[in-house]
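So the chains spell out like this:
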Amino acid sequence: MTTLPAAHLLTVALPRPGGSPLALEMITVSALRGGRLAVVADAWHLESDCHYEWHTGFPPHEVDFGAVRARVEAGGILTIEVPKRALYRGT
């Protein structure tokens with residue numbers, strides 16, 4: 001994870017279960033209680049080695065989960081931007 005003045009960036013190299021890249025609909029990003037973020041990737045068409053999870057946390061009240069943005073970049077890199085609330089942004 002990289003911390004910038006206005007946001008945290010979480011970068012994950014997505015696995016390639018069965019040698020195939022994960023489709024976008026196989027990835028779920030969700031905010032959890034206590035300032036936590038969960039990423040679940042599930043290749044439901046496979047029988048084994050197909051479920052992956054990542055969890056991370058943030059200081060209380062620091063981030064704006066309503067403005068989280070995620071994108072999959074070339075090479076299967078998932079980048080999630082978690083903006084900080086205005087009060088916690090560096091100048």
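For the structure, see preceding data.
A brief report on the enclosed structure follows. (Residues numbered from 1 in each chain as written. Predicted model: local features only at pLDDT ≥ 70, side-chain atom pairs only at ≥ 80, totals over all residues. Heavy atoms only, no water.)

Observations concerning the overall build of the protein
Rule in force here: A run of H or I in DSSP counts as a helix once it spans at least four residues, and a run of E counts as a strand once it spans at least two, with each numbered from the N terminus. Residue burial considers only the protein chains on display, and all accessible areas are found by Shrake-Rupley using a 1.4 Å probe.
Assigned secondary structure in the protein consists of zero helices and seven strands. Starting at the N terminus, the α and β elements of the protein follow one another as β-β-β-β-β-β-β. For the protein, the spread of C-alpha atoms along the three principal axes comes to 45 × 25 × 15 Å. Per element, the accessible surface of the protein, about 5800 Å² overall, is 54% carbon and sulfur.

Quick notes on the side chain of Thr56
Where we set the bar: Working rule for contacts: check all heavy atoms of both residues, and any pair within 4.5 Å makes them a contact.
Examined against the element boundaries, Thr56 turns out to sit in strand S5 (residues 51–57). Ignoring sequence-local partners within four residues, the contact set of Thr56 consists of Met1, Leu10, Gly35, Arg36 and Leu37.

A short note on the packing of aromatic side chains
Worth spelling out the cut-off: Stacked, edge-to-face and tilted are the three classes for Phe, Tyr and Trp ring pairs, Trp counted by its six-membered ring, which pair at centre distances within 6.5 Å; planes under 30 degrees apart are stacked, over 60 edge-to-face, the rest tilted. When accessible area is computed with a 1.4 Å probe and restricted to protein chains, residues below 20% of their type maximum are described as buried, those above 50% as exposed, and intermediate ones as partly exposed.
The final tally for this structure, using the stated rule, is two aromatic pairs. Measuring from ring centre to ring centre gives 6.1 Å for Phe58 and Phe65, while their planes differ by 70°; the resulting arrangement is edge-to-face. Phe58 sits in the buried class, given a relative accessible area of 8%.

Focus on the pairing of strand S4 (residues 36–42)
To keep it simple, the criterion reads: At least two DSSP bridges between two strands are needed for those strands to be called paired.
Across six bridges, strand S3 (residues 27–32) lies against S4 in antiparallel orientation. What sits directly across from Ser30, in S4, is Ala38. The turn joining S3 and S4, which pair antiparallel and follow one another in sequence, is formed by three residues; a positive phi near 80° is taken by Gly34. Bridge analysis of S4 against S5 gives seven bridges, and the strand direction is antiparallel. Bridged to Ala38 within S5 is His55.

Focus: the environment of Ile80
Here Ile80 is to be found in strand S7 (residues 77–83). Residue classification places Ile80 among the buried positions, given a relative accessible area of 0%. On a C-alpha basis, the gap between Ile80 and Leu10 in space is 5.1 Å, while along the polypeptide they are 70 residues apart.

Things to note about the sheet that holds S3
Test applied: Each axis is a line fitted through C-alpha atoms, and for a helix only the stretch in contact is used; angles between axes span 0 to 180 degrees, taken between their N-to-C directions.
A sheet is described by the order of its strands in space; here three strands give the open sequence S3-S4-S5, paired in antiparallel fashion. Edge positions in the sheet fall to S3 and S5, since each of these pairs with one other strand and no more. Ignoring strand direction, the axes of neighbouring strands in this sheet form an average angle of 15°.

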